[in-house]
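# Coordinates in review
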Amino acid sequence: MIAVKRASGDESVGGLRARAGASPAVTTGAGTINAFVAVTKPLVREGLFRLLRAMPEVDRCLSDQDPWKVIAQSGNNAVDCLLLDPDLDRSGAFRAAFASSETRPRVLLVTPRHHVGEGELPDLVCACGMLSESAGDPEVRQALRQLVTCNRRQPDAGPCDHCPLKATLQKPKLPLTPRELDVFLLVGEGVGPSEIAAKLALSVKTVEYYRSRIKEKLGLDNTASLAYASMRWRQGHWLPTIAAH
């Protein structure tokens, strides 16, 4: 995981005391990349901040949970890489902050999700990739290195075709047929069999058959577990009964 807790109970990462405010800017002078960590959770923010400032490519690293004012003051061209919590951009602040800039920073979304899910992620189209807060240390370090060592300023077009980070924005596959997946996702919206049948132009009996098949394929015991699994999948979390595909 990105963040850890000391045995004493004090929240810290790598000797840094976690706090709700901003971390001071750190200038290493060794590299050319200016990085910004805009993440809400203190432990996650401090963990990423610590990893970035240790990278030889990074010249300056800032960390704040309210980044837009800082970016406006320092100039939007001063940020090469932005690690962004999507919850900080629900009102389109990212687009507003870089509206006057011809290029945008390379963006890595940092989220509790394990995959993109079905719910909307702000500015997903402008992101290079997504990093789960529960990712292991090797995965985190690899994602940061890919972000920092890229020599391209990120335009509106989204991730580069051959960027390894692009795969993190792809929806994973479940062992379901396309029609079974349609039914599964509607279940997670709280839609009952009759409504699903109407939406998909199927009979209720056929919908019930699909629901039974889905439970069998995903290792779910009953209707309640099916509804919960669908809701969690839509929110971007893995299902405990199957491996990620």
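Attention in this report is confined to the structure presented alongside it. Within each chain, residue numbers correspond to sequence positions counted from 1 in written order. The model is predicted, so local features are restricted to residues of pLDDT at least 70 and side-chain atom pairs to those at 80 or more, both for listing and for counting; the totals for chains, interfaces and linings are taken over all residues. Note that the side-chain values use all heavy atoms of the structure and ignore hydrogens as well as water.

### Some words on the overall build of the protein
- A helix here means a DSSP run of H or I that spans at least four residues, while a strand means a run of E at least two residues long, and both kinds are numbered starting from the N terminus. Helices and strands together make up the secondary structure of the protein, namely eight helices and eight strands.
- Only protein chains enter the accessibility calculation, which uses a 1.4 Å probe; a residue whose area is less than 20% of its type maximum is buried, one above 50% is exposed, and one in between is partly exposed. When burial is assessed residue by residue, the protein has 44% of its 245 residues classed as buried.
- The long-range fraction of contacts in the protein, counting pairs at least 24 apart against all pairs at least 6 apart in sequence, stands at 68%. Residues count as neighbours in contact if any of their non-hydrogen atoms are within 4.5 Å of one another.

### Focus: the packing of aromatic side chains
- Note on aromatic pairs: the rings of Phe, Tyr and Trp (six-membered ring only in Trp) are paired at centre separations within 6.5 Å, and the planes decide the class, stacked below 30 degrees, edge-to-face beyond 60, tilted for the rest. Inspection of the entire model under this criterion finds two aromatic pairs.
- Ring centres 6.0 Å apart and planes at 50° place the aromatic pair Tyr209 and Tyr210 in the tilted group.
- According to the relative accessible area criterion, Tyr210 is buried, its value standing at 18%.
- Both rings, one in Trp233 and one in Trp238, keep their centres 6.0 Å apart while their planes meet at 55°; by these two values the pair is tilted.
- Residue classification places Trp233 among the buried positions, given a relative accessible area of 5%.

### Concerning the environment of Leu226
- With respect to the helices and strands, Leu226 occurs in helix α8 (residues 223-234).
- Note on Leu226: relative accessible area 1%, which makes it buried.
- Along the chain, Leu226 and Val187 lie 39 residues apart, while their C-alpha atoms are 7.7 Å from each other.
- For Leu226, the contacting residues outside a window of four places in its chain are Phe184, Val187, Arg211, Ile214, Lys215 and Leu220.

### Notes on the pairing of strand β6 (residues 81-84)
- Of the two faces of β6, the one carrying Cys81 and Leu83 and the one carrying Leu82 and Leu84 are both buried.
- Two strands are counted as paired when DSSP detects at least two bridges linking them. Bridge analysis of strand β4 (residues 33-38) against β6 gives four bridges, and the strand direction is parallel. Of the residues in β6, the one forming a bridge with Phe36 is Leu82.
- Sheet topology note: the β6/strand β7 (residues 106-111) ladder contains four bridges and is parallel. Bridge pairing links Leu84 to Leu109 in β7.

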